[in-house]
Amino acid sequence: MQSISAKPETRIDADALADLPRIGAPAVIVIFGASGDLTHRKLVPALYNLSAQSLLDERSQIIGVARRDKSDKQFRAEMEEGIRTYSHVAFDERIWRSLAPRIRYIRGSFDDADTYARLGACLSDLRTGDAAVRNRVYYLATPPRSFGTIVGHLSQAGLTSDDPDAGFVRIIVEKPFGHDLETAQALNGEIATAFREDQIFRIDHYLGKETVQNVLVFRLANGIFEPLWNRRYVDHVQITAAESIGVEGRAGYFDRAGMARDMLQSHLLQLLTLIAMEPPVAFEARAVHDEKVKVLRSLRLPDAETLRSVSVRAQYGTGAIAGEQVVGYCDEEGVAADSQTETYVAIRLELDNWRWAGVPFYLRTGKRLPKRATEVAIQFKQPPFALFERSGVPRLDANVLAIRIQPDEGISLKFASKVPGHDFHVDPVQMDFLYSRAFGIEPPEAYERLLMDAVAGDSTLFARIDEVELGWRLTDALRAAWQEPGGSDLARYEAGSWGPREADLLLEREGRRWRRL
Amino acid sequence: MAQTVDPARFQHVDSIEDRFDIKAVEDALANLWGYEDDTATSPDTIRACSVNIILPVAHDGYDAWQNRIADLARQVPSRILLLEETPAGSKPAIDAHVTATCHRRKGGTLVCSEMVHIRTAPQACLLLPSICRALAVSGLPLLHLSLEGTGMDPQAVHALFELADLTVIDSEQLAESLWSDDPVYYGGDLVWPRLTPWRSAVGHFIATCEEFDTSAIRHVEVTGSHAAAPLFAGWLGCLLRWQTIPGASAGSRVRAADGKELEISFDYDGTPCCGISGLTLTGDDSARNRLAVDMDDEYIVIDARFGRTHVETRVSIRPLSFAEEVASIVHSHGADAVYGQARRLALTMLSSVS
């Protein structure tokens, strides 16, 4: 009879570290495109914040790589300015004195092998001595067109090997990950020549937001909501990502992309998957991604004509926002006067699965809307019997569970209550949870969480390639439907309004209305 | 950036002669939020509360606590019931006033915690438990911060312990002889979150430095306060899977995961920052197998030698503030399993010394 071996003892009991913040192993974080805005405003301030909270190993190093000519000292000065301006943690000389010497700069072109030779030499130096660091994280803060070049050169220079002696190697890339399915697959193919899927971390910064992470906790750490989270009780779901700003100097990128590629394919679909997914078998990357992919696979993809009938694309004209006059999209700097790019998208989606069959998911996103607000609202079905009609109470408002992603982060539940008095009036009231009321501390910035997770090797909050591809499948089909001859007209809406009338009709024809945010 | 708004702006004074008028206090609290701002644009104001806090302080102790209370309110939005003792025979015997401490969050919102400051002479202190019960916000936990000695009647003190969902102490403020297995210590002890920088630095190093052979450790010396040193050793034992040897007579002998004995000793040196000032783990050949961890100004310095390898690293130490220590216990609901295990192991280590 074969004996069953006892599980081998491990060095340490990891439970003894469970209550402590997780700190990744020391790593060299190489940022390609280090002269850009992202590094200045988000990445280095996030690394500083992690350092200030002792969440970044003191041996970790930062190397910026970019074309502009500057010294280590100049680069550090620029990063210090970014930290002072953009960090939510107060600038602390002591923290900076500890971090600054670990920041370096390498000037070079991404298509020049010498750049990578010098980077390799720097990494070699850092692998020796008492504070040796072997692990590497490459952050591509560059346009996607540079990804293939950078990855190819890294590979040729031998900087992508992750054998045990070389430490781990990971690569972080920013969205947009391609601009359609074909380019996303091609891009991934380029990166995959040197990196495995488990080494690739695709950032959608929405997933780093505290409130987005809270969606799963809210659903699955509370016993009362999950039994209602299905087609029996839910009438429909609205997901809104509204911006009050215009293109803000990004016309060059945005006019080619449009709202469907910029927001729908990434942020909105990510929110949809978190709302609609089945509980994972474990709260770990693979299990969570598997459930999200299942949602995307169950997205119904109708024919082009149907897609046009369930979607609206629009562009803002002149208007006023918060008392300030703003110009129309085609009058924005860098935008062609005859641009047909959509600055607003609304779409009705359905999921063909047991949990959600027949429940419409309405998604909308747009620029120059009255306020910045991102929210998921689950509207429940009416009670089966109108008990209070004979008391003169008209049809009641439906219960709505609203998850506010930003601003005023929190969760509210709308329900009916009798108005005090001799008459029988019923009014909707709201039960509110506000982060600011319950938790005194400010939540961490999204990039802090994401960088920390990437260094620690946890990809739960990043997008897996199949999620990205399935998102592009929908967006490509939608854009193809719009571009067919006689396809979808570009509707117009006044800046400062909640979008075109056509988007209202999308719900009104089914007896529903968009929530007022 | 959070900033404290002058609490005097919201002050409303109520004074009761020899009896406590709960309704007057509740009306005063309600009136705080009816205050009309006379500036052109009023920020949004949130009346925030996630927990009730009872904080007994000694006579004239409020001034010393003021800054810590403000920071506590920022970290843990709460209704704070500050119980200040007044001298025997004071008139009125019981007196209360209410304030709000507000902090401005990113975006301009003012988030405000309420405080009811109750001054009580000894002759009225037995009223305090029922007053606290009445003033606590319904549905929220009640935390008792038992952090300094007061002259309160022991019966009232006991009633407060019974009333609270969680009592938090600071064992560094207690006499050495009180290191015990009393259940009150298992609720919340501020020494545990205080150890976080050391636990984080040492734990992270041991977890990520697989070359360091933890099974070769034979001697452990922990330098720190009488409260923190044993607790830290207990945690280290949980991490490295030590088991105690009952009845051991010389030093705090424990058995490592490989069955071999190791000796633990403590060197008490007052109350250093974060509770610990040094740790040494050595093998039989201390020159070849040694982990030394010391404080150097604002850093924890780790110096490790194993075989031919020498690794030195410095971790910037960021001690938790008082408010952060309390917040840590609040958010773990006082049910941190690791803390309980560490404490039990520490107690066994200590009891095996003599």
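Residues numbered from 1 in each chain as written. Chains lettered and ligands numbered in written order. Predicted model: local features only at pLDDT ≥ 70, side-chain atom pairs only at ≥ 80, totals over all residues. Heavy atoms only, no water.

Caption draft 1: Looking closely at the overall build of chain B. When its secondary structure is counted, chain B shows 10 helices and 18 strands. Here chain B holds 354 residues, and 54% of them are scored as buried. Taking contacts inside chain B between residues at least 6 apart in sequence as the whole, the part at least 24 apart equals 71%. Carbon and sulfur atoms make up 48% of the accessible area of chain B, which amounts to about 15000 Å² in all. (Helix = DSSP H or I, 4+ residues; strand = E, 2+ residues; numbered from the N terminus. Buried < 20%, exposed > 50% of the residue type's maximum accessible area, 1.4 Å probe, protein only. Contact = heavy atoms within 4.5 Å. Areas by Shrake-Rupley, 256 points an atom, 1.4 Å probe, with all protein chains shown as cover.)

Caption draft 2: Geometry of a positive patch on the surface. Residue and element names in this part refer to chain A. A cluster of basic residues, Arg67, Arg68, Arg145 and Arg256, forms a positive patch on the protein surface. Looking at the secondary structure, you find Arg67 in the loop between strand E2 (61-66) and helix H2 (72-86). The exposure class assigned to Arg67 is exposed, which follows from its relative accessible area of 57%. (Patch = residues over 30% accessible without salt bridge, like charges linked within 9 Å, V, L, I, M, F, W, Y side chains within 5 Å. Salt bridge = Lys/Arg side-chain N within 4 Å of Asp/Glu carboxyl O. Lys, Arg positive; Asp, Glu negative; His and termini not counted. Charge placed at Lys NZ, Arg CZ, Asp CG, Glu CD.)

Caption draft 3: Representation of the packing of aromatic side chains. Residue and element names in this part refer to chain A. On inspection of all chains with the given rule, the structure shows 23 aromatic pairs over all chains. With 5.9 Å between their ring centres and 5° between their planes, Tyr48 and Phe91 make a pair best called stacked. Note that Tyr48 is positioned in helix H1 (residues 37-52) and Phe91 in the loop between H2 and helix H3 (93-99), a separation of 43 residues in sequence. Given the relative accessible area of 0%, Tyr48 is considered buried. Seen in terms of ring centroids, Phe75 and Tyr105 are 5.0 Å apart; in terms of plane orientation they differ by 40°. Their pairing is tilted. Of the two residues, Phe75 is situated in helix H2 and Tyr105 in strand E3 (residues 103-107); the sequence distance between them amounts to 30 residues. The structure contains a cluster of three or more aromatic residues connected by ring pairs, namely Phe254, Tyr316, Tyr329, Tyr344 and Tyr493. (Phe/Tyr/Trp six-rings, centres within 6.5 Å; stacked < 30°, edge-to-face > 60°.)

Caption draft 4: Inspection of a nonpolar patch on the surface at higher detail. Together, Phe385, Leu387, Phe388 and Phe424 of chain A make up a nonpolar patch on the protein surface, roughly 420 Å² of accessible area in all. Looking at where Phe388 of chain A falls in the secondary structure, it is placed in the loop between strand E12 (373-380) and strand E13 (400-406).

Caption draft 5: Fine view of the interface of chain A and chain B. Contact residues are listed per partner, giving 37 residues for chain A and 45 residues for chain B. For the pair chain A and chain B, the summed buried area comes to about 3500 Å², and 48% of that belongs to carbon and sulfur atoms. On the surface where chain A and chain B come into contact, there are two salt bridges. Elements with a contribution of two residues or more to the side of chain A that touches chain B: H3 and helix H11 (435-438) of chain A. Tallied by class, residues from the side of chain A that touches chain B come to 16 nonpolar, eight polar and 13 charged. (Buried area = accessible area lost by both parts, 1.4 Å probe. Nonpolar A, V, L, I, M, F, W, Y, C, P; charged D, E, K, R; others polar.)

Caption draft 6: Structural context of the side chain of Thr282 of chain B. Topologically, Thr282 of chain B is positioned in strand E15 (residues 276-282). Apart from residues no more than four positions distant in its own chain, Thr282 of chain B is found in contact with Ala216, Ile217, Arg218, His219, Asn289 and Arg290 of chain B.

Caption draft 7: Representation of the state of the cysteines within the structure. Residue and element names in this part refer to chain B. For the structure on display, the rule yields one disulfide over all chains. Bridging Cys102 to Cys112, the disulfide has an S-S length of 2.1 Å. When the S-S torsion is 110°, as for the bridge of Cys102 with Cys112, the disulfide is right-handed. Taken together, the residues Cys102 in strand E6 (residues 94-104) and Cys112 in strand E7 (residues 110-120) connect sequence positions 10 residues apart. (Disulfide = S-S within 2.5 Å.)

Caption draft 8: Representation of the pairing of strand E5 (residues 78-85) of chain B within the structure. Residues and elements named next belong to chain B. Taking burial as the measure, the eight residues of E5 include seven buried ones, the bulk of the element. Relative to E5, strand E4 (residues 51-57) is paired through seven bridges, and the arrangement is parallel. Each bridged residue has a counterpart across the sheet, and for Ile54 the counterpart in E5 is Leu81. Crossover handedness for the path E4 to helix H2 (residues 62-75) to E5: right-handed. (Pairing = 2+ DSSP bridges. Right-handed = clockwise from strand over helix to strand, strands pointing away.)

Caption draft 9: Focus on the environment of Asp235 of chain A. Residues and elements named next belong to chain A. For Asp235, the position within the fold is in strand E7 (residues 234-242). Excluding its chain neighbours within four sequence positions, the residues that come into contact with Asp235 are Val359, Pro360, Gln379, Phe380, Lys381 and Arg512. Within polar-contact distance, the side chain of Asp235 engages the side chain of His236 at 2.7 Å. Polar contacts involving the side chain of Asp235 include one to the side chain of Arg512, which spans 2.8 Å. (Polar contact = N/O pair within 3.5 Å; in protein donor to acceptor, adjacent residues only side chain to side chain.)

Caption draft 10: Focus on the sheet that holds E3 of chain A. Residues and elements named next belong to chain A. Strand order in this open sheet of six strands is E3-E2-E1-E4-E5-E6, and the pairing throughout is parallel. Since the sheet does not close on itself, it has two edges, and those belong to E3 and strand E6 (200-203), each with one partner. Between one strand axis and the next, the sheet turns through 20° on average, direction left out of account. Relative to strand E5 (residues 169-174), strand E4 (residues 135-140) runs parallel, the two being bridged by five bridges. Counted as the bridge partner of Leu140 is Val173 from E5. (Axes fitted to C-alpha atoms, helices over the stretch in contact; angles between N-to-C directions.)

Caption draft 11: Main features of the nonpolar core. In this structure, Phe361, Leu363 and Ile378 of chain A are the most contacted members of the largest nonpolar core, which totals 114 residues. Take this core: its biggest share by element is 13 residues, from helix H8 (residues 251-276) of chain A. Discounting residues that sit within four places of it in the chain, Leu363 of chain A has contacts with Ile239, Leu264, Leu268, Leu269, Leu272, Val345, Ala346, Ile347, Leu349 and Trp514 of chain A. Membership of the second largest hydrophobic core comes to 52 residues, among which are Trp192, Ala201, Ile264 and Ala342 of chain B. (Core = buried A, V, L, I, M, F, W, Y, C linked by side-chain atoms within 4.5 Å.)

Caption draft 12: Looking closely at helix H7 (residues 196-208) of chain B. All names here are of chain B. With 13 residues, H7 extends 17 Å between its outermost C-alpha atoms, agreeing within 8% with the 18 Å of an ideal straight helix rising 1.5 Å per residue. Across the 13 residues of H7, 11 count as buried, placing the element largely inside the fold. Among all positions in H7, only Thr196, Pro197, Trp198, Arg199, Ser200, Ala201, Val202, Gly203, His204, Phe205 and Ile206 are buried. (Expected span 1.5 Å × (residues − 1).)

Caption draft 13: Quick look at the packing of helix H4 (residues 113-126) of chain A against helix H5 (residues 147-156) of chain A. Residues and elements named next belong to chain A. Look at H4 against H5: their axes get within 9 Å of each other, and the N-to-C directions meet at 55°. Here H4 is positioned oblique relative to H5, judged by the angle of their axes. As H4 runs across H5, the sense of the crossing is right-handed. The residues of H5 that touch H4, namely those facing Ala113, Tyr116 and Leu119, are Thr149, Ile150, His153 and Leu154. Across the contact of H4 with H5, the residue classes break down as five nonpolar, two polar and no charged. (Parallel < 35°, antiparallel > 145°, perpendicular 65-115°, else oblique. Left-handed = near helix turned anticlockwise from the far one by under 90°.)

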